[in-house]
Structure formats: C-alpha cells, structure tokens
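Fold and contact review
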Amino acid sequence: MSYINYLLRRALQSIPVVFGLSMLIFVISRVIPGDPVRLALGPEASEQQVQALKAEMGLDQPIPVQYIDWLIGVVQGDWGMSLRTNNNVLSDIVARLPATIELVVLTLVFAVLLAIPFGVIAGTNKDGWQDHVSRITALFGVSMPRFWVAIVLQIIFVVTLGLLPLSGRLSDGVEPPPDVTHFYLVDSLLAGQFGTFVDAATHLVLPAFALGLATLAQVMRLIRSDMIDEQRKDYVLAAQAYGLPNNLVEYKYMLRNAFTSSLTVIGLSFGFLLGNAFLVEIVFAWPGMARYGVEAILYQDFNAIIGVVIVVGVGFVSANFIVDLLYGYLDPRVRLGDQ
Amino acid sequence: MNMATEKSNTRLPSTEDTAQQERFKQIKRTFQSFLQNTLSVVGLLMILTLVFAATFAPFIAPYPDDAGAGVHFDRASQPPSLEHPMGTDTTGRDIFSRVLFGARLSLMMGVIVLSIAISIGVTLGLIAGYIGGKTNSIIMRITDIFLAIPPTLLAMAVVAATGASLFNVMVAIAFSWWSWYARLTQGEVLSIKEEEFIESSQALGSNWLRTTFKEVLPNVLSPITVKATLDMGFVILVGAGLSFLGLGAQPPTPTWGAMIAQGRNYVTTFWWIAVFPGLAISFAVLGFNFIGDGLRDAFDVEVN
C-alpha cells in the first residue's frame, strides 16, 4: 500500500516539471525574432500568403491561447505542422525516434557493462595503479567533447584502419529488416537475417562508444567509490572471516549494494544521452530524432523544436521516475522516508 | 586578513578575530592539501598555460592575422610541420594561431556564463530561502524544472529562438545553468535560519544582509568554488558543441567548435584540421577537471 502511495506521489511530482518545460519551450519558440513563416514560404510569397498561413497555424492569437490550443492538439496527437517537412511533427518524430533509442539503449548497456568490472577492479585496489589508471582514464573520458571523439574514431577506425563503416545505420545496398520493433538489431534477428544484424551492429559500434565514453567514466568512478564504502562494512569482514572467496564477496554481495546506489546516475544518463545524442548523430549521419532536432533549429522550424524538446524532456523525467521507483522498491527507507 | 591582524593590535582579540583566524587556518590547510595532490597541480599548470596563451595570443601566434578570414591558397591544407605546428586549414590559415585565439573565446565564455549563472542562482536561492512561504515554493518549483532539463538541450532551444551568435550562446547557457546554484544557496539559507547563533545575532540587531554576507555566503563558497571549477570545463564543452552545430560565433571567428566542424568535412584527407582544436578543448576541460577534483578533495565537499 505504501509503495503505491509512494508511486503516486512521485508521479504527481513529475507532472509540473513536464508542464513547466512545455510552457517554457513554447514561450521561447513563440518569441523567435525574424519570421519563420516567411522563411518557410520563401521570398516570393506575398504578404497575404504569409498572413494566411499564420492564421491557419493560429499564430495571430495571443500566446496563452496558442499554448492552450497547442496543448489540446498534443493530447489529440496533433503536434503541429513542421515548416520544413510539412508533416505532423509527431509522425516525423515517431519515424526517427527508434533509431535514437536503439543508439542510446545500446550505449547505456555498453557503458554499464564495461563500467562494472573496471569500477570493481579500481575500488578493490584503492590507490593502486589500477585505481590511478581508472581515475585518469575517467577524467579524460568526461573531458573530451563527444563529437570530437566521434571524429577521431572515424579517422582511426574508418579512414586509417578501414575496420568499420563511416556513417549511417546500414551499408548501401543492405535492405532494412522487416519492421516489427523498429530496432534494426532486434528486427533483423526476428527475421533471421544474420548478415543484416552484423551490418547494423558494426554501424552502432563507433557511435555508441563516442556517446557512451563519459557515462562509462562516471559510472565506473561511482561503482569504485561505492565499492570502497562497502569494504568498510561489517558484513564484508564477516564474509571474509568465514573464508568466502574474494571474488564471490566482491561481485555477489558488495557489487549488489554498490550498484543500487549507481542506479540514479545510470537513470540520469539515459536522459543525458538522449540530449547529447544530437552531436554524435550529426557526425555519424545517424537518421535519428536528434538530427531532426538540429535541422529544425537551423531552419527555425518551431513546432519541430518544441516537439523534440518535449520528447527529450519527457524521456528525461520518465527515466528519473523509473529510477526512483526502483530505488523505492529496493530500499524501503526511500519510500517511507519523506512522508 | 590584514584587517583582522590590524584590529587585534589595537584591542583584545574578540571572538570575531579568532573566528577569522580559524577561517584563515582552514584556508591554509585546504591550500596545502590541494598542493599535495599531483593531479591538481598539473591541472593548475595546464590552466595557467592556457590563460597565458590566451592573454598573449597576438604575440605568441606565428600568424596572428589568420585568426580572421585570411586566404592563402599557396599554403592550403598542409600537414603539421615546423612552420605550421598544427598544419593549415583549407584556406591556408595556420591552425595553431587560430587555436590560440580560440582559447580566448572559450575562457571568456566560461567566465561570463558562470558569472551570470552564479549571480542568478545565488540571488534566487537567497530570496527563496529568506522570504520562504509561497515565494520559496514558486522559485524552487521553477528551479526543479530547470534542474530536470539537460542544459545542452535548453541552450540549443534558446539559441534557436534568439539567433546564432556568441553573445546569445552565452546567455542561453547561463539561462540553463543557474538552477544548481539556486538549490544549493536556498538549502544553506534554510539550514542556517534554524541555527541558534543566527537567532542570537538577529536578536542583537544584525540585519539579514549582514547575516547573508557573514554566515550564508562563506558557507556556500567552497561548494560553489568546486562546482564552478568543474563547470568551467562543462560550459566549454557545451559551448564547443553549440558552435560545432553552427549556433555559436559566426565565421571567421576562430571558436574551437567551429574549427572542428570545418575539419569534419575533411576527415578522409586532412585529419589535422579537426584533431587539433579538439585536443585544445580536451586540454582545457581536463585542466579544469583536475583542479576541480583536487579542490573537491581539499574542501571535502560533495557536489552533485
């Protein structure tokens, strides 16, 4: 019962954040100087045509009225028309979201899977050379711009070594697998197209690495410091006194506790990766939502800008929400604490 | 500190003086522990180098005119050599010279963005904490919204609305960056309001402005210093990202991000155009991270 209370309370807290974000971005996008509508129609359009399109899009109304109209539209699936593609922004985003999600999820999996062993090794060898190497690697990892890492990876692995493809989601001439989940890795396996799977996977390696390096560094350092905290606890001493093998104590008991507290950062990273995929998608010509967002910004395509920001914002808030739910589930003190 | 010693010469040491001396000792200890950390000293040297290079860019740069829109097709796209340590770009400009001038822009941007963000954050935090009640909840709800948005995304949206320029990028990043500082300051005001010595100092007629400067600000100073040092690096990264997308200062301004964007079109032929400006960004951010890490350990504060 109290868990459901906690869940509801936490859900209620997320709502004002999403509303606030939508209001904020809506106002920002409506005060755009210059005239996006004229930009979209081109210099030959008459003043009448510009005014007509503005009236059609409701841009002649006061901003609060426009906001309410827009909100009603959003609920009904009408996210406004993109000035660049002339489609409903929602369908534009839905078409591009799976590519971004596939990249972000794979990046997160890759970052966490590598972070765990490295973090445990660094934490159990505190101040040893492994710890120093991990500390410096981590600082490099968060200090290098992701888009630049992406370019350097291209120079090394594509141009010089010729090992991996330069850009895109699939090689030229490879047909996308039959659409089931929109994720190429999953769809190709479902269809039994192993060649397509390998091709899609090789296209993901460099973007995932470039995008995930900073997350890998953060999670690794967090697991390290949590492992160090765990080491001081009595149960570890007891387990060691019983003569349990070190590996068992480290990976089974300590890591479980250390990982629980790393959950927050992992959850937060999902939102951050979604927001940071922009630059990496541009470098790898990844056909995702982020690239759509950047083009929308360059063309002042305001409905598309709002749509992309809202989707990323909701993704971010939901990730936090899910993390809190897991947290409350794993640690009763959290859900009972602030009642 | 001079004032404290002067005062103690003229009258008996009061509690205020010993408090100041205690604070001085604490600063000294912090400073010593900072200097014992190899990485933080390395970071300090890196940033001093960078500041030096930025300040004297016109004198150090072998081809200072190349910071602008110079065109020298006779020496276009040359690989690194003694003459051009980082090579030349496709219009023959010396990349090393441009990287030096880029350091000015990046450092300036970091300082300006954080000054604005910290001023807004601290002011709002103080207002929320002191007035309390409805004002507090409104300000803190807004802060929560800003905390929940990735800064890159919000900054991009703001630049999209205001147009691409260096000034707009700085305002946009500052606009999306203040929330953490507001949260910190508000928390500090709330916790200090409860303390007995504040009640007593207010009973003695001390006004809230004095309390703020004497009690609240010194307490938030160390976390803000640590966070701001680390943030210098992150602001430089976000700024580089925005100018990489063409949302920052417009050509021919030599921002590091824009230089990488130019080089990206030539990864298959002229790798040095994109690689060296990125090394400069990494160098700067790494330096600030080294210092920030050292400061965090020395001050023994948790940020984030």
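Residues numbered from 1 in each chain as written. Chains lettered and ligands numbered in written order. Predicted model: local features only at pLDDT ≥ 70, side-chain atom pairs only at ≥ 80, totals over all residues.

So, the overall build of chain B
Along its length, chain B carries 13 helices and zero strands. Each helix and strand of chain B, placed in order from N terminus to C terminus, yields the pattern α-α-α-α-α-α-α-α-α-α-α-α-α. Referenced to the eigenvectors of the C-alpha coordinate spread, the extents of chain B come out at roughly 75 × 45 × 25 Å. Looking at the 304 residues of chain B, the share that counts as buried comes to 44%. Within chain B, counting contacts between residues at least 6 apart in sequence, those at least 24 apart form 69% of the total. (Helix = DSSP H or I, 4+ residues; strand = E, 2+ residues; numbered from the N terminus. Buried ≥ 20, exposed ≤ 12 C-beta atoms within 10 Å, placed from the backbone. Contact = placed C-beta atoms within 7 Å.)

With respect to the overall build of chain A
Within chain A, the secondary structure is distributed over 14 helices and zero strands. Ordered by position from N to C terminus, the α and β elements of chain A give α-α-α-α-α-α-α-α-α-α-α-α-α-α. Within chain A, the fraction of its 339 residues that count as buried is 41%. In chain A, of all internal contacts separated by at least 6 residues, the share reaching a separation of at least 24 is 73%.

Observations regarding the interface of chain B and chain A
Each side of the interface is counted separately: chain B has 36 residues, and chain A has 40 residues. Broken down by secondary-structure element, the contributors of at least two residues to the side of chain B that touches chain A are α6 (133–147), α7 (151–162), α11 (208–244), α12 (256–264) and α13 (272–299) of chain B. The residue inventory of the side of chain B that touches chain A, partitioned by class, reads 24 nonpolar, nine polar and three charged. (Nonpolar A, V, L, I, M, F, W, Y, C, P; charged D, E, K, R; others polar.)

A word on helix α6 (residues 129–143) of chain A
Taking 1.5 Å per residue as the helical rise, α6 of chain A with its 15 residues ought to reach 21 Å, and the 21 Å between its terminal C-alpha atoms agrees with that figure. Within α6 of chain A, the full set of buried residues consists of Ser 134, Ala 138, Leu 139, Gly 141, Val 142 and Ser 143 of chain A. Buried positions along α6 of chain A lie against α5 (89–124) and α9 (194–231) of chain A together with α11 and α13 of chain B. (Expected span 1.5 Å × (residues − 1).)

Describing the packing of helix α1 (residues 2–30) of chain A against α7 of chain B
Taken N-terminus to C-terminus, the directions of α1 of chain A and α7 of chain B make an angle of 25 degrees; their axes are 8 Å apart at the nearest point. Comparing the axis directions of α1 of chain A and α7 of chain B gives the class roughly parallel. For the pair formed by α1 of chain A and α7 of chain B, the contact residues are Ile 25, Ile 28 and Ser 29 of chain A on the first element and Ala 157, Val 158 and Ala 161 of chain B on the second. A per-class count over the contact of α1 of chain A with α7 of chain B returns five nonpolar, one polar and no charged. (Axes fitted to C-alpha atoms, helices over the stretch in contact; angles between N-to-C directions. Parallel < 35°, antiparallel > 145°, perpendicular 65-115°, else oblique.)

Description of unusual backbone geometry
The peptide bond linking Pro 251 of chain B to Pro 252 of chain B adopts the cis configuration, its omega dihedral lying at 5 degrees. Within the secondary structure, Pro 252 of chain B sits in the loop between α11 and α12. A positive phi angle is found at His 182 of chain A, which is not glycine, with a value near 75 degrees. Backbone geometry at Ser 77 of chain B places phi at a positive 50 degrees, although glycine is not the residue there. Residue placement: Ser 77 of chain B occurs in the loop between α4 (57–60) and α5 (95–131). A residue is classified by how many C-beta atoms lie within 10 Å of it, and Ser 77 of chain B, with 16 of them, is partly exposed.

Re the environment of Val 112 of chain A
Of note, Val 112 of chain A is situated in helix α5. Along the chain, Val 112 of chain A and Leu 216 of chain A lie 104 residues apart, while their C-alpha atoms are 6.3 Å from each other.

Quick look at the packing of α5 of chain B against helix α9 (residues 179–193) of chain B
What describes two packed helices is the angle between their axes and the distance between those same axes. Residue and element names in this part refer to chain B. Where α5 meets α9, the closest approach of the two axes is 7 Å, and the angle between their N-to-C directions is 35 degrees. Handedness of the α5/α9 crossing: right-handed. Across from Ala 117, Ile 118, Gly 121, Val 122, Leu 124, Gly 125, Leu 126, Ala 128, Gly 129 and Tyr 130 in α5, the residues of α9 making contact are Ser 179, Trp 180, Tyr 181, Ala 182, Arg 183, Leu 184, Thr 185, Gln 186, Val 189 and Leu 190. Residue composition of the contact of α5 with α9, grouped by class: 13 nonpolar, six polar and one charged. (Left-handed = near helix turned anticlockwise from the far one by under 90°.)

A look at the environment of Leu 286 of chain B
Along the chain, Leu 286 of chain B falls in helix α13. The buried category is assigned to Leu 286 of chain B, around which 22 C-beta atoms lie within 10 Å. In contact with Leu 286 of chain B, other than residues within four places in its own chain, are Leu 139, Phe 140 and Ser 143 of chain A together with Met 46 of chain B.

Section: the nonpolar core
Buried together is how nonpolar side chains tend to be arranged in soluble globular proteins. Judged by nonpolar contacts, the single largest core of 166 residues is most densely connected at Ala 150, Ile 305 and Val 308 of chain A together with Ala 157 and Ile 173 of chain B. Those residues in contact with Val 308 of chain A that lie beyond four places of it in its chain are Ile 93, Met 289, Tyr 292, Gly 293 and Ala 296 of chain A. (Core = buried A, V, L, I, M, F, W, Y, C linked by C-beta atoms within 7 Å.)

Notes on α13 of chain B
Given a rise of 1.5 Å per residue, 28 residues ought to cover 40 Å, and the 40 Å separating the end C-alpha atoms of α13 of chain B matches this to within 8%. Burial analysis of α13 of chain B places 24 of its 28 residues in the buried class, the great majority of the element.

Looking at the environment of Pro 223 of chain B
Residue and element names in this part refer to chain B. For Pro 223, the position within the fold is in helix α11. Pro 223 sits in the buried class, given 21 other C-beta atoms within 10 Å. Once the C-alpha coordinates of Pro 223 and Gln 36 are considered, the two residues, 187 residues apart in sequence, prove to be 20 Å apart.

Regarding the confidence of the model for chain A
Of the residues in chain A, 95% reach a pLDDT of 70 or more, and the chain-wide mean stands at 85. Of all helices and strands in chain A, the one with the weakest mean pLDDT is helix α14 (residues 332–337) of chain A (65), whereas helix α7 (residues 146–160) of chain A scores best (94). (pLDDT = per-residue confidence, 0-100.)

Here we look at the confidence of the model for chain B
Residue and element names in this part refer to chain B. Counting all residues, the mean pLDDT for chain B is 85, and 93% of those residues have values of 70 or more. Low confidence marks residues 1–11, where pLDDT is under 50. Its contacts with residues over four positions away, or in another chain, come to seven contacts. Predicted as a complex, the structure gets a pTM of 0.86 and an ipTM equal to 0.85.

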